[in-house]
Amino acid sequence: MNFVDDVIQKFPFSQEAVIAIDGEGKREVFCFSHLFARSLGLSGAMLDRGVRRGDVVMIMVSGRIEWVVSMLACFRMGAIALPLNPQLSKEDLAYRVTAANPSLAIGESDYLGNLPDGIPTFDMADLEQIFDEDIAQATPAKVADLDPEDPALIVFTSGTTGKPKGIVHSQRYLLGQAIQAQHWLGAEPGDLCWCTAAPGWSKSSRNSFIAPWLRGAKALLVQGRFDPATRLDIVRQQEVNVLCQAPTEYRILARRTELGPTPSLRRMVSAGEALNPEVIDDFRLATGLEIADGYGQTETGAVTGFRPGESVLRREGSMGRPLPGIETRVVAGELQLKVDTSPTFFHSYVDGRRFEGEWWPTGDLVTEDEDGYLFHEGRNDDMISSSGYRIGPV
């Protein structure tokens, strides 16, 4: 298997894949042909710099097209993509370098300067030359024939209450996003989807472009930090159909902005913590839409969620039901996931440790109503929530 063969090359090359808006507001449309050609060239340059199948490549790029291309180049050659939030401190980066031992770092020059010495790098100027078709390029890497259990991606947890954990996801994680893409995110062919999570978060790695493409939709990338004053204007101007935001972002929009109609929007989703009923009510009144909550962990991927067509009314605060095919149980109040029913369950920690049990204990305490909808009631450890993401200790 290979994401490039199994997904990218199944689309007409003229089909729009990503709409990117840079920090100056410039809008650019990228078709699958652009992404294929650029990732092809980048894979050759990476090969020329010594990157091989199974090597880790750090990606320190904000919400711009080079992030997507770098991820695709890794998928093509079987390298392990490690996207990171570019705002990490030098200490945070040093910890991740020690843990993951990257063979190459791709990023914006300001961020690359914070890395420890000795790591080969490509900055944006290097990528511009690599993408230049008038310059002779290295021979591209072949599309690797990968096993479903071969590593594809590393995502680090935030580590607010302890050292961050590096979570290794296998190739099956990529295509395994099809379940939540259909039954929670709710993308449809031709839709424009905007997942606002920054690179480095697990939600961005799966929902910024992978999940939309698995449904025949296209992705919106917007460079820059969250600005409540412009967020819904962008939704209206770009005619976004599916919006995926952190709970904190919905709360800020409801509190600080004047909500109003968003004609193109037909689906709003959120995950990380329960949304306040009044926030859901505010968006329902202003847009005619309900925010569909969902639940998952960095280790598990999406587990539960409100499905398209299901009403949230009188279930505000619920994280939905288990997604199709995913089996859960509640033991002594704790939600547990049957590992072999989740195609997105993690492969291992970055240090090689694996979970060998049949049921994954999430550590989340829940109650279940008579219709099978789950409600989060707290944690059985000292996990905290920060900016809409659950964060636990090692």
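Residues numbered from 1 in each chain as written. Predicted model: local features only at pLDDT ≥ 70, side-chain atom pairs only at ≥ 80, totals over all residues. Heavy atoms only, no water.

**Looking at the sheet that holds strand S19 (residues 359-368)**
What the four strands build is an open sheet, ordered S16-S17-S19-S20; its pairing is antiparallel. Of all strands in the sheet, those with a lone pairing partner are strand S16 (328-331) and strand S20 (374-379), marking the two edges. Within this sheet the neighbouring strands show an average axis-to-axis angle of 50°, counted without direction. Bridge analysis of S19 against S20 gives five bridges, and the strand direction is antiparallel. Within the sheet, the bridge partner assigned to Thr367 lies in S20 and is Phe375. (Pairing = 2+ DSSP bridges. Helix = DSSP H or I, 4+ residues; strand = E, 2+ residues; numbered from the N terminus. Axes fitted to C-alpha atoms, helices over the stretch in contact; angles between N-to-C directions.)

**Digging into the environment of Met124**
Structurally, Met124 is set in helix H6 (residues 124-131). For Met124, a relative accessible area of 14% gives the class buried. As for Met124 and Gly107, which are separated by 17 residues in sequence, their C-alpha atoms are 6.5 Å apart. For Met124, the contacting residues outside a window of four places in its chain are Val61, Arg64, Glu66, Ile106, Gly107 and Glu108. (Buried < 20%, exposed > 50% of the residue type's maximum accessible area, 1.4 Å probe, protein only. Contact = heavy atoms within 4.5 Å.)

**Overview of helix H11 (residues 228-238)**
Buried within H11 we find Pro228, Arg231, Leu232, Ile234, Val235 and Gln238. Looking straight down H11, one finds its buried side chains confined to an arc of 145°; they lie on one side. Facing away from the buried side of H11, by more than 90 degrees, are the exposed residues Ala229 and Gln237. Residues of H11 that are buried sit in contact with strand S1 (16-21), strand S2 (27-31), strand S9 (192-195), strand S10 (218-222), strand S11 (242-245) and helix H12 (247-256). For H11, the N-terminal capping position is held by Asp227, with its side-chain oxygen 3.0 Å away from the main-chain nitrogen of Ala229. Following H11 by one or two positions, Glu239 adopts a phi angle in the positive range, close to 60°. (Arc of directions from axis to C-beta. Polar contact = N/O pair within 3.5 Å; in protein donor to acceptor, adjacent residues only side chain to side chain.)

**Side note on the packing of helix H3 (residues 65-77) against H6**
Packing of H3 against H6 leaves a shortest axis separation of 12 Å and a crossing angle of 65°. The pairing of H3 with H6 is recorded here as roughly perpendicular in orientation. Crossing geometry of H3 relative to H6 is assigned as left-handed. Here Glu66, Val69 and Ser70 of H3 come into contact with H6, specifically with Met124, Leu127 and Phe131. Class assignment of the residues belonging to the contact of H3 with H6 gives a composition of four nonpolar, one polar and one charged. (Parallel < 35°, antiparallel > 145°, perpendicular 65-115°, else oblique. Left-handed = near helix turned anticlockwise from the far one by under 90°. Nonpolar A, V, L, I, M, F, W, Y, C, P; charged D, E, K, R; others polar.)

**Digging into the sheet that holds S11**
With mixed pairing, the nine strands of this open sheet are ordered in space as S2-S1-S10-S9-S11-S12-S13-S14-S15. One side of each edge strand has no neighbouring strand; the edge strands of this open sheet are S2 and strand S15 (321-322). Of the strand pairs in this sheet, S9 and S10 are connected by two bridges, and their pairing is parallel. Within S10, the residue paired with Leu192 across the bridge is Lys218.

**Things to note about the nonpolar core**
Within the largest apolar cluster, 56 residues are counted, with the highest numbers of intra-cluster contacts made by Leu185, Leu220, Tyr250, Met268 and Phe283. For Phe283, the residues in contact, after removing those within four places along its chain, are Tyr250, Leu253, Ala254, Leu259, Met268, Gly288, Leu289 and Ile291. If you look at the next biggest cluster of nonpolar residues, it comprises 49 residues, including Val51, Val69, Ile130 and Leu153. (Core = buried A, V, L, I, M, F, W, Y, C linked by side-chain atoms within 4.5 Å.)

**Remarks on H6**
When we look at burial in H6, the residues that qualify are Met124, Leu127, Ile130 and Phe131. Looking straight down H6, one finds its buried side chains confined to an arc of 110°; they lie on one side. Across H6 from its buried face, at more than 90 degrees, point the exposed residues Glu128 and Gln129. Measuring from the side-chain oxygen of the N-cap residue of H6 to the backbone nitrogen of Ala125 gives 3.1 Å; that N-cap residue is Asp123.

**Examining the packing of aromatic side chains**
Throughout the structure, instances matching the rule amount to 16 aromatic pairs. Taken together, a centroid distance of 5.0 Å and an interplanar angle of 55° make the contact between Phe209 and Trp213 tilted. We note that Phe209, like Trp213, is buried. An angle of 85° between the planes, with centres 5.1 Å apart, marks the rings of Phe355 and Trp360 as edge-to-face. According to the relative accessible area criterion, Phe355 is partly exposed, its value standing at 27%. Residue classification places Trp360 among the buried positions, given a relative accessible area of 9%. Connected via pairs of aromatic rings, a cluster forms that spans Phe3, Phe11, Phe32, Trp67, Phe75, Phe209 and Trp213. Over the face of the ring belonging to Tyr349 we find Arg353, whose NZ or CZ atom lies 4.5 Å from the ring centre. (Phe/Tyr/Trp six-rings, centres within 6.5 Å; stacked < 30°, edge-to-face > 60°. Lys NZ or Arg CZ within 6 Å of the ring centre and 35° of its normal.)

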